[in-house]
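Topology and contacts: notes
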Amino acid sequence: MTGRPGGNSGWHTETTAVHAGEFVDPVTRASSPNLVMSVTFAPESVTGFSARDEQGYEGHVYSRVSSPTLAQLETKLAALEGAEAACCYASGVGAAHALICGRLSSGDHLILPDANYVGIAELARDTLPRFGIEVSYVDLSRPDEAAAAIRPTTRMLWLETPANPTMKLCDIAQLSALAHERGVRDVAVDSTYASPIATQPLALGADFVMHSLTKFIGGHGDAMGGAVLGRKSDLDALRLEANVHFGGVLSPFNAWLILRGAATLPIRMQAHQDAAFKVARFLESHSAVSRVLYPGLPSHPQHELAARQMRNFSGMMTFQTHAKGPEIAARMVKSLEIIHYAVSLGHHRSLIYWIGTDDIEASTFRHDATQLRRYRDYAGDGVFRLSVGIENGDDLIADLARVL
């Protein structure tokens, strides 16, 4: 490849992660991808002033529509996910907003998990109703509840698997088939916890997959971004509305950092899983720990689905303790040496955070009494969310043992 972005020519995943979207620069002969920070580009032919006029133009005109570094990242992501196309945004929530508001209109109905990532949950609760989009919250680990929630106006079923922070799984193939049979136009999957290395939702029947690139794909905790992937015709329409009109595009510099991080995604995900297995087994055997939720453990209530749907069990888990979580969290802040007590996830370093049930109910999951009771029955007073990095598992175990 010397003059054009590479796709996936039957390569193995590791090769795709390194080479898709990349090429040797024909002018400088640079082997690594260029960082192109230009906002505007000089077209090779006369084009119209509106972004709508650029639809048939293969080059770049203005970076809110497209730019070279983002195009390389989008090509790599599409190849990893088995998608026709990808669009990148400034954050994961930006990508979710672009997809939801780019596809739904006033009067449409959206089904969301009853417990999912807080940024998307709060977008749905606080913002979407103001624009006439109705939202229902359903335990999507129970397909019968999903079926009961579908209305004639349901236009999108939003899945998150594994879910943040409950670690619940959705059966993507079963729910996608159910939704499409009932006339739901779009099935979208937030696959941030899984990454393309673990799960490819489009191959299981979903229409869209969304990632927070800030997490595993970027992988280093130094660049924020998000992506939506799917059919090219849908992504072309989304790019015109969500990129141009909403304007939440990804910075070329962040795209370049994420492009570099994505190259090592397969080997990092293997390292995440290897360390996570060690840590999960340690926690499950520790007298201070009452419960561990990790899809790779046979004790996970949906382990069979995880084994069927995930090729990698990732580095994410939650656990509960017999002692009060806030007390242990306070010890973590003071005493952890390797694991950082900090929000976010999917970085090369391990991160842990206490998520109290009272706090999350007050700020995010304001559903009906039955759903709140179900969440509390599942999560108790709260959970520790642990994002296992790529450090040595024995060192992480020693760090946790000191605070437990």
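If you're wondering where the values come from, they're calculated on a predicted model, not measured in any experiment.

With that settled, consider unusual backbone geometry. Cis geometry marks the peptide bond from Thr161 to Pro162; its omega dihedral reads -10 degrees. Inspection of the secondary structure puts Pro162 in the loop between β4 (154–160) and α6 (172–181). For Met167, which is not glycine, the phi torsion reads 65 degrees and is therefore positive. Of note, Met167 is situated in the loop between β4 and α6. One non-glycine residue, Ser314, lies in positive phi territory at about 70 degrees. Residue classification places Ser314 among the buried residues on the basis of a relative accessible area of 2%.

Turning our attention to the side chain of Arg239. Turning to its location among the elements, Arg239 is positioned in helix α8 (residues 232–246). For Arg239, a relative accessible area of 17% translates into the label buried. One polar contact links Arg239 to Glu74, side chain to side chain, over a distance of 3.1 Å. Sequence-distant contacts of Arg239, that is, excluding residues within four places in its chain, are made with Val65, Glu74, Ala86, Cys87 and Val244.

Quick look at the pairing of strand β12 (residues 382–387) now. For β12, the tally of buried residues reaches six of six residues, placing the bulk of the element in the interior. A two-sided burial pattern is seen for β12, the buried positions comprising Gly382, Phe384 and Leu386 on one face and Val383, Arg385 and Ser387 on the other. Across four bridges, the pairing between strand β9 (residues 316–321) and β12 is antiparallel. Among the inter-strand pairings, Phe319 is bridged to a residue of β12, identified as Phe384. Both strand β11 (residues 351–356) and β12 contribute to a ladder of six bridges, which runs antiparallel. Counterpart to Gly356 in the pairing with β12 is Gly382.

What the five strands build is an open sheet, ordered β8-β9-β12-β11-β10; its pairing is mixed. This sheet does not close on itself; its edge strands, each paired only once, are β8 (289–293) and β10 (340–341). Two strands pair when backbone bridges link them, and β10 and β11 are joined in this way by two bridges, in the parallel orientation. Residue pairing for β11: Tyr341 is matched across the bridge by Ile352.

Basis of the calculations
Residues numbered from 1 in each chain as written. Predicted model: local features only at pLDDT ≥ 70, side-chain atom pairs only at ≥ 80, totals over all residues. Heavy atoms only, no water. Helix = DSSP H or I, 4+ residues; strand = E, 2+ residues; numbered from the N terminus. Buried < 20%, exposed > 50% of the residue type's maximum accessible area, 1.4 Å probe, protein only. Polar contact = N/O pair within 3.5 Å; in protein donor to acceptor, adjacent residues only side chain to side chain. Contact = heavy atoms within 4.5 Å. Pairing = 2+ DSSP bridges.

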